[in-house]
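Tertiary structure, described
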Amino acid sequence: MDRSNLAGPRPAEPLTRLADRLRTARRISVLTGAGISAASGVPTFRGEDGLWRNYRPEELATVRAFDRDPALLWEWYGWRRDTIARCSPNAAHEVLARWSRSGDRTTVVTQNVDDLHLKAGTERLVRLHGSIWEVSCSIGCCAEGRRGWRDERVPMPGVPRCPHCDAPARPAVVWFGEMLAEADLRAAVQATVCDVFLTVGTSSVVYPAAGLVEQANANGAFTAEINAEATPATAVVDLAIHAAAEVVLPEIDRLL
Ligand code: OAD
């Protein structure tokens, strides 16, 4: 396995190797995480800037935390929404959006809820963890409300209510312990059948997303990681480039 390091100049060889693979690939899949939006100003989850009032995401992003204190949850999401509303896609989002629009060989699967891939114009995007700009009813038996709706208010005035049953509404994102939407999971698993699978800007610790790169390996794909630091995926991929996505992806794009 090749490793290129964040510190110091990157040898051109790993980039050339990856570009060669991408050039001849019939199917390319890219899994992204919070690191791809870091240069846009969106805080990552596990970096120091990702902590909000000393809570870890695993403590807050759960149904139990919402049921206990919906106002606290909406404060956290309000903080994230305020920040994301001021952010624009960066060079890494732009490259992937361009690849997705030139033919249909590239599929982007994201864990991000910031919708920056959509803003960049990415086609056929799979949003595994939902969108922070959508909300849904928090009560399981409210069939109308469970379908969710778009709500882009910033700032969010307190806890929004379901228009159908008046129960507290929740962010329409996937929390720890919840199932991913079946269609999204199916599309993500299908994306592991490809010639090149890239994992970009993710700590590769949250499943099932973190398992996709191994599935791609098992399906015979050439796998590569582009991330600021080593992760559990580093030991799994054929090529690891440890550098900023917004620098590396445009460099690779220029080599294509
Ligand atoms: P994390 O915050 O766990 O990881 C972000 C990764 O991006 C880290 O490994 C960073 O080193 C790396 N990184 C930071 N800046 C970068 C840059 N400019 N270029 C490349 N890499 C960079 O975020 P995720 O892996 O996305 O789930 O987290 C996965 C899930 O955990 C999230 O979707 C969310 C969270 O809890 C739910 O809310 C269900």
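Above this text sits the structure in question.
Here we summarise the structure given alongside this text. (Residues numbered from 1 in each chain as written. Predicted model: local features only at pLDDT ≥ 70, side-chain atom pairs only at ≥ 80, totals over all residues. Heavy atoms only, no water.)

1. Here we look at the nonpolar core
So the rule is basically this: Here, nonpolar core means buried Ala, Val, Leu, Ile, Met, Phe, Trp, Tyr and Cys residues that are tied together by side-chain atoms lying within 4.5 Å of each other. Per-residue accessibility, obtained with a 1.4 Å probe over protein chains only, is compared with the maximum for each type, and a residue is labelled buried under 20%, exposed over 50%, and partly exposed between these values. Helix and strand labels come from DSSP, where a helix needs a run of H or I of at least four residues and a strand needs a run of E of at least two; each type is numbered from the N terminus. Residue contacts are defined here by distance: any two heavy atoms, one from each residue, within 4.5 Å place the two residues in contact.
Leu18, Ile226, Leu249 and Ile252 are the most contacted members of the largest nonpolar core, which totals 27 residues. Those elements giving two or more residues to this core turn out to be helix H1 (12-24), strand E2 (28-32), helix H5 (91-101), strand E8 (196-200), strand E9 (222-227), strand E10 (239-242) and helix H10 (245-255). Apart from the residues lying within four places of it in its own chain, the contact partners of Leu249 are Ile36, Ala92, Val95, Leu96, Trp99, Val200 and Ile226. If you look at the next biggest cluster of nonpolar residues, it comprises 21 residues, including Ala61, Trp76, Tyr77 and Leu116.

2. Describing unusual backbone geometry
The step from Val154 to Pro155 runs through a cis peptide bond, and the omega angle for that step is -5 degrees. With respect to the helices and strands, Pro155 occurs in the loop between strand E6 (149-150) and strand E7 (169-173). One non-glycine residue, Asp115, lies in the positive phi region at around 65 degrees. Overall, the relative accessible area of 7% leaves Asp115 in the buried class. Despite not being glycine, Arg124 has its phi angle at roughly 55 degrees, a positive value. Within the secondary structure, Arg124 sits in the loop between helix H6 (116-119) and strand E4 (126-127).

3. Things to note about the pairing of E8
The buried fraction of E8 is high, at five of five residues. Residues Val196, Leu198 and Val200 line one face of E8 and the alternating positions Phe197 and Thr199 line the opposite face, and both faces are buried.

4. Some points on the pattern of salt bridges
Condition: Just to be clear on terms, a salt bridge is a Lys or Arg side-chain nitrogen sitting within 4 Å of an Asp or Glu carboxyl oxygen.
By the definition in use, this model includes 18 salt bridges. The residue Glu134 makes a salt bridge to Arg127 at a minimum N-O spacing of 3.5 Å. Accessibility expressed as a relative area gives 23% for Glu134, which makes it partly exposed. Arg186 is the salt-bridge partner of Glu182, the closest N and O atoms lying 3.6 Å from each other. Here Arg186 and Glu182 lie together in helix H8 (residues 182-191), a separation of four residues that amounts to about one turn. With a relative accessible area of 64%, Glu182 lands in the exposed category. Overlapping salt bridges bring together Asp115, Arg127, Glu134, Arg150 and Glu152 as one network.

5. Digging into the environment of Leu96
Relative to the elements of secondary structure, Leu96 occurs in helix H5. Residue class for Leu96 comes out buried when judged on its relative accessible area of 0%. The sequence separation of Leu96 and Val30 amounts to 66 residues, and the corresponding C-alpha distance is 8.3 Å. Apart from residues lying up to four places away in sequence, Leu96 is in contact with Val30, Thr32, Ile36, Val108, His117 and Leu249.

6. Observations concerning the site of the ligand
To keep it simple, the criterion reads: Nearness is judged by heavy atoms alone; a residue qualifies as near a molecule or strand once a single heavy atom is within 4 Å of it. Pairing of N or O atoms within 3.5 Å defines a polar contact, subject to two protein rules: one partner must be a possible hydrogen donor and the other a possible acceptor, and residues neighboring in sequence count only if both atoms are side-chain atoms. Accessible surface area values rest on a Shrake-Rupley calculation with a 1.4 Å probe, where residue burial reflects the displayed protein chains alone.
Taken together, 23 residues lie around the ligand, and Ala34, Phe45, Arg46, Thr202 and Ser203 are the ones closest in. Here Phe45 contributes a backbone N or O atom positioned 2.7 Å from an oxygen atom of the ligand. Ala228 is positioned such that a nitrogen or oxygen atom in its backbone is 3.1 Å from a nitrogen atom of the ligand. Protein coverage of the free-state accessible area of the ligand, which is 800 Å², stands at 91%.

Shape is all these values report; function is a separate question.
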